[in-house]
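Fold and geometry: a report
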Amino acid sequence: MPRFYLDAALRAGTSVLLPEDSAHHAVHVLRVQSGDEITLFTGRGGEFAARVASIQRLKVLVDVLQHHAIERESPLQMVLVQGVSAGERMDFTVRKSVELGVAELQPVLAASSVARPKGERAAARHAHWQKIVIAACEQCARNRIPSVRPLVAAADYRPEGAGTRILLSPDAQLRFSQACKAGEDFTIAAGPEAGFSADEGERLVDAGFVPARLGARVLRTETAGLAALAALSALRGDF
């Protein structure tokens, strides 16, 4: 069933117009028609059963029917600190991490990052990643929107809260499964294409991150963080 995110307070028994981008996707991609049943969610929890009342070009009027208190969040609080990679690699990581249940994404600009957005470009990339998160939630049926934190330099990043902190490193002696044996709060740090520098790694260790390896093979930047999230869900979560 098609799902659409609305950044608005919804109430059963009312009618709303889909935002223009969502309406375009509904009409031209999903081929939604009047009378079709759809699902709406606001990112604040739960979802609404709804029905398309009418379609006039890109004006899609929807009747809000009933709220269902359904959640599909991971039992783990997983944060991914991801060294910014170039183009589609970063988009892929953002999209798939949402599918795997990440609660928060912290993009960091490492010394070796190929992509180096700054100023307005950094703000534009942040907005772009947040849109990818919303689209991923529409696809994978999550009803709460993970946050994307503002881009910071890897050397300036300081983790918040408690929990287990793991720095993915192919050179580490400790296996990933040994590093995440307890707790429900996990922060995973994955470097960009060429990894974190020695100084950045030391700063992360000083901040409480424990280096751990994902097997004997060197994983690509768009694979490592996702593999760690999947492994966490298998070892400690709902897989």
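Residues numbered from 1 in each chain as written. Predicted model: local features only at pLDDT ≥ 70, side-chain atom pairs only at ≥ 80, totals over all residues. Heavy atoms only, no water.

1. Here's the deal with the overall build of the chain
- Helix and strand counts for the chain come out as six helices and 12 strands.
- The principal-axis extent of the C-alpha atoms belonging to the chain is close to 60 × 40 × 30 Å.
- In the chain, which comprises 239 residues, the proportion classed as buried is 44%.
- Across the chain, every contact between residues at least 6 apart in sequence was considered, and the portion connecting residues at least 24 apart equals 69%.
- Entry remark: accessible area of the chain is about 12100 Å², with carbon and sulfur atoms responsible for 50%.
- Of the side chains in the chain, 28 bear a positive and 27 a negative charge, and the two mean positions are spaced by 2 Å. (Helix = DSSP H or I, 4+ residues; strand = E, 2+ residues; numbered from the N terminus. Buried < 20%, exposed > 50% of the residue type's maximum accessible area, 1.4 Å probe, protein only. Contact = heavy atoms within 4.5 Å. Areas by Shrake-Rupley, 256 points an atom, 1.4 Å probe, with all protein chains shown as cover. Lys, Arg positive; Asp, Glu negative; His and termini not counted. Charge placed at Lys NZ, Arg CZ, Asp CG, Glu CD.)

2. Section: the nonpolar core
- Residues Ile 166, Leu 168, Phe 176, Ile 188 and Leu 232 are the most contacted members of the largest nonpolar core, which totals 36 residues.
- At the level of secondary structure, the elements contributing two or more residues to this core comprise β6 (77-83), α2 (88-99), β7 (104-109), α3 (119-140), β10 (164-168), α4 (176-179), β11 (185-190) and α6 (221-235).
- Of all the elements, α3 adds the most residues to this core, at six residues.
- If you look at the next biggest cluster of nonpolar residues, it comprises 17 residues, including Val 16, Ala 23, Val 27 and Val 60. (Core = buried A, V, L, I, M, F, W, Y, C linked by side-chain atoms within 4.5 Å.)

3. Points about the side chain of Ser 85
- The topology assignment puts Ser 85 in the loop between β6 and α2.
- Residue Ser 85 is classed as buried on the basis of its relative accessible area of 2%.
- Looking at Ser 85, its side chain comes within polar contact range of the main-chain nitrogen of Met 90, at 3.1 Å.
- Ignoring sequence-local partners within four residues, the contact set of Ser 85 consists of Met 90, Ala 115, Glu 193 and Thr 221. (Polar contact = N/O pair within 3.5 Å; in protein donor to acceptor, adjacent residues only side chain to side chain.)

4. Focus: the sheet that holds strand β2 (residues 15-17)
- Ordered in space as β1-β3-β4-β5-β2, the five strands form an open sheet in which the pairing is mixed. Edge positions in the sheet fall to β1 (3-5) and β2, since each of these pairs with one other strand and no more. The mean inter-strand angle of the sheet, taken between neighbouring strand axes irrespective of direction, is 40°.
- Inspection of the sheet shows strand β3 (residues 37-41) paired to strand β4 (residues 47-56) by four bridges, in the antiparallel sense. Bridge pairing links Leu 40 to Phe 48 in β4. (Pairing = 2+ DSSP bridges. Axes fitted to C-alpha atoms, helices over the stretch in contact; angles between N-to-C directions.)

5. A word on the pairing of β10
- Within β10, four of the five residues are buried, which leaves the element mostly enclosed by the surrounding structure.
- Strand direction decides the pairing type here: β10 and β11, joined by four bridges, are parallel. Among the inter-strand pairings, Arg 165 is bridged to a residue of β11, identified as Thr 187.
- Inspection of the sheet shows β10 paired to strand β12 (residues 210-212) by three bridges, in the parallel sense.

6. So, the packing of α2 against α3
- Contact geometry for α2 and α3: axes closest at 9 Å, N-to-C directions at 40°. Judged by the angle between their axes, α2 and α3 are oblique. Here the hand of the crossing between α2 and α3 comes out right-handed. On α3, the residues that touch Met 90, Asp 91, Val 94, Arg 95, Val 98 and Glu 99 of α2 are Arg 125, His 128, Trp 129, Ile 132, Val 133, Ala 136, Cys 137, Gln 139 and Cys 140.
- Taken together, the residues that form the contact of α2 with α3 break down as nine nonpolar, two polar and four charged. (Parallel < 35°, antiparallel > 145°, perpendicular 65-115°, else oblique. Left-handed = near helix turned anticlockwise from the far one by under 90°. Nonpolar A, V, L, I, M, F, W, Y, C, P; charged D, E, K, R; others polar.)

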